[in-house]
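Remarks on the overall topology
Residues per chain, in single letters:
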Amino acid sequence: AKFLPHSGDSTLAMCARDGQIRVAELSATQRCKNTKRVAQHKGAAHKLALEPDSPCSFLSAGEDAVVFGIDLRLDRPANKLVVVKEGDKKVGLYTIFVNPAKTHHFAVGGRDQYVRIYDQRKINENDNNGVLKKFCPSHLVSSESKTNITCLVYSHDGTELLASYNDEDIYLFDSNHSDGADYRRRYKGHRNNATVKGVNFYGPCSEFVVSGSDCGHIYLWDKYSARIVQFMEGDRGGVVNCLEPHPHLPGMATSGLDHDIKLWAPTAESPTGLKGLKEVMKKNKRERDEDSVRHGDQYDTQLLWFLMRHMRNRRPPR
């Protein structure tokens, strides 16, 4: 769910597993007056992408491979911008983000290994399936290990792109590089297997990279050195999925399989010791290696969500 820019925090856009894209209007008392369905995907919709200065237009992406442009000023708000394909095969989408510096550019990721960038002004599906350029770590281009992208984000100035790969690592790309360019940085140590997991930049100038992990921890890497600088227990339920930095304060909200949302702020008076980090990293790597031997193919995401939810509900009360 996202607040639309310049709406006085009164207009809320949201997407869901039923594929519906809905908009809610909040009253002065912060109660919801009504919600309106503005688009419908034929499959789950995990992410919306805001246009930084627009209170009435945004993008959505779904597992049906469709990207909708949504303009709330129109009687029929949803316009199908592109159906994402690799050759003739549709690519279901988990994530979408608008470049904050070039708002006509947007990037998507999903059920294959490619980050795809499109230019809204010139999408011709007969020419390279409408793609402006694609990025992928070189060792994953021809990999047999069915990797996919669960989340991608642009940096604060749009010059960099982060992509989190399913049971692989997090990669940083230069968004200004030419088509097919390799990654610039790689961030390791976490585990991204069980759910559709997020990744984000942290800091006013995107100085850090932050991600949740299947081990229930939150990891912060220094963007330039790729070293882990913070490591926190974020979710007793076992998985941290969503991480959203505050727009201008040094705080962050996270959520996962627990039933609550956690707010974080830098309150420590001495440097963090990162106690236990090496053991957790080794465990994550060992389990990843074991899983890659057992099954190369990925589970269906809907089945995964059901299983994780079932396991979570079976836990005895604390």
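This text gives an overview of the structure that appears in the document.

Rules of the game
Counting restarts for each chain, with residues numbered from 1 along the sequence as it is written. Per-residue local features of the predicted model are confined to residues with pLDDT of at least 70, and side-chain atom pairs are confined, for both listing and counting, to 80 or more; whole-chain, interface and lining totals are unaffected and use all residues. Excluded from the side-chain calculations are hydrogens and water; all other atoms, namely the structure's heavy atoms, are used. Think of it this way: any DSSP run of H or I at least four residues long counts as a helix, any run of E at least two long counts as a strand, and we number them from the N terminus. Computation of the radius of gyration draws on C-alpha atoms alone. For the globule rule, the value is 2.2 Å times the number of residues to the power 0.38. Only the protein chains shown count as cover for residues, and all accessible areas are computed by the Shrake-Rupley method using a 1.4 Å probe. Only four residue types enter the tally: Lys and Arg on the positive side, Asp and Glu on the negative side; His and the chain ends are excluded. A charged residue contributes its charge at one atom only: NZ of Lys, CZ of Arg, CG of Asp or CD of Glu. At least two DSSP bridges between two strands are required for those strands to pair. To obtain each axis, a line is fitted to C-alpha atoms, and for helices this fit is confined to the stretch in contact; angles are then taken between N-to-C directions over 0 to 180 degrees. Grouping buried Ala, Val, Leu, Ile, Met, Phe, Trp, Tyr and Cys residues that are joined through side-chain atoms within 4.5 Å yields what is termed a nonpolar core. Exposure categories follow from relative accessible area, calculated using a 1.4 Å probe and restricted to protein chains: below 20% of the type maximum is buried, above 50% is exposed, and the middle band is partly exposed. Contacts are assigned to residue pairs that have any heavy atoms within 4.5 Å of one another. Basic side-chain nitrogens of Lys or Arg form a salt bridge, by our definition, when they fall within 4 Å of a carboxyl oxygen of Asp or Glu. Here a cavity denotes a set of grid points, spaced 1 Å apart and computed over the protein atoms alone, in which a 1.4 Å probe fits but from which it cannot get out, and a pocket denotes an open set meeting protein on both sides within 12 Å along at least five of seven lines; residues with an atom within 4 Å of a point are reported as lining. Grid points are joined across faces, edges and corners, and a volume is the space filled by probe spheres set on the points. Following the grouping adopted for this structure description, the nonpolar residues are Ala, Val, Leu, Ile, Met, Phe, Trp, Tyr, Cys and Pro, the charged ones are Asp, Glu, Lys and Arg, and the polar ones are all others, Gly among them. The pairing test for Phe, Tyr and Trp rings, Trp by its six-membered ring, is centres within 6.5 Å, and the orientation test on the planes gives stacked under 30 degrees, edge-to-face over 60, and tilted for anything in between.

Notes on the overall build of the protein chain
Looking only at helices and strands, the protein chain has 2 helices and 25 strands in total. The C-alpha atoms of the protein chain give a radius of gyration of 19 Å, which matches the 20 Å a tight globule of 318 residues would have. Reported as C-alpha extents along the three principal axes, the dimensions of the protein chain are approximately 55 × 50 × 40 Å. For the protein chain, the computed accessible surface area is about 16,700 Å², with 50% contributed by carbon and sulfur atoms. Across the protein chain, the 46 positively charged side chains and the 40 negatively charged ones have centroids separated by 3 Å.

Digging into the sheet that holds strand β19 (residues 199-202)
Taking strand neighbours across the sheet as the criterion, the 4 strands line up as β19-β20-β21-β22 in an open arrangement whose pairing is antiparallel. The strands lining the two open edges of the sheet, one partner per strand, are β19 and β22 (228-233). Averaged over neighbouring strand pairs, the angle between their axes works out to 20 degrees when direction is ignored. Relative to strand β21 (residues 217-222), strand β20 (residues 208-212) runs antiparallel, the two being bridged by 5 bridges. Directly across from S211, in β21, lies its bridge partner Y219.

Some thoughts on the nonpolar core
Core analysis: the biggest nonpolar cluster contains 16 residues, and A107, V115, L161, A163, Y165 and F173 have the highest contact counts within it. Secondary structure elements with two or more residues in this core: β13 (115-119), β15 (149-154), β16 (160-165) and β17 (170-174). Not counting the four nearest positions on each side in its chain, A163 is found in contact with V115, I149, C151, L152, D169, I170, Y171 and F173.

Points about the pattern of salt bridges
With the rule as written, the count across this model stands at 20 salt bridges. A salt bridge links D214 to K197, with the nearest nitrogen and oxygen atoms 2.7 Å apart. Linking D214 in the loop between β20 and β21 with K197 in the loop between β18 (185-187) and β19, this pair joins segments that are 17 residues apart in sequence. We classify D214 as buried; its relative accessible area is 17%. A relative accessible area of 1% means that K197 is categorised as buried. When salt bridges with common partners are traced through the structure, they connect D167, E168, D169, R186, R191, K283, E287 and R288 into a single cluster.

Observations concerning empty space enclosed by the protein
Picture a little ball the size of a water molecule; that probe, rolled over the atoms, points out where space is still empty. Going through the model one piece at a time under the given rule, you end up with 1 cavity of 30 Å³ or more. Contributing to the lining of the largest cavity are N99, K102, H105, I117, K133, Y154, S175 and N176. Residue composition of the lining of the largest cavity, grouped by class: 2 nonpolar, 4 polar and 2 charged.

Section: the pairing of strand β7 (residues 66-71)
For β7, the tally of buried residues reaches 6 of 6 residues, placing the bulk of the element in the interior. Of the two faces of β7, the one lined by V66, F68 and I70 and the one lined by V67, G69 and D71 are each fully buried. By the bridge criterion, 5 bridges tie strand β6 (residues 57-61) to β7 in an arrangement that is antiparallel. By the bridge assignment for β7, S57 is matched with D71. The hairpin turn running from β6 into β7, its antiparallel successor, is 4 residues long, and A65 in that turn takes a positive phi close to 75 degrees.

Observations concerning the sheet that holds strand β8 (residues 78-83)
Taken together, 4 strands build an open sheet; the order of strands is β5-β6-β7-β8 and the sheet is antiparallel. Edge positions in the sheet fall to β5 (47-50) and β8, since each has one partner strand and no second. Averaged over all pairs of adjacent strands, the angle between strand axes in this sheet comes to 25 degrees, irrespective of strand direction. As paired strands, β5 and β6 are joined by 4 bridges and run antiparallel to one another. Looking at the pairing, L48 lines up with S60 of β6.

Thoughts on the packing of aromatic side chains
Across all of its chains, the model carries 9 aromatic pairs by this definition. Where F97 meets Y154, the ring centres are 6.3 Å apart and the plane angle is 50 degrees; that geometry is what we call tilted. Remark: Y154 occurs in strand β15 and F97 occurs in strand β11 (residues 93-98); sequence separation between them is 57 residues. Among the residues examined, F97 registers a relative accessible area of 27% and is labelled partly exposed. For the ring pair Y165 and Y171, a centre distance of 5.5 Å and an interplane angle of 85 degrees mean the geometry is edge-to-face. For Y165, a relative accessible area of 0% corresponds to the buried category. Residue classification places Y171 among the buried positions, given a relative accessible area of 0%.

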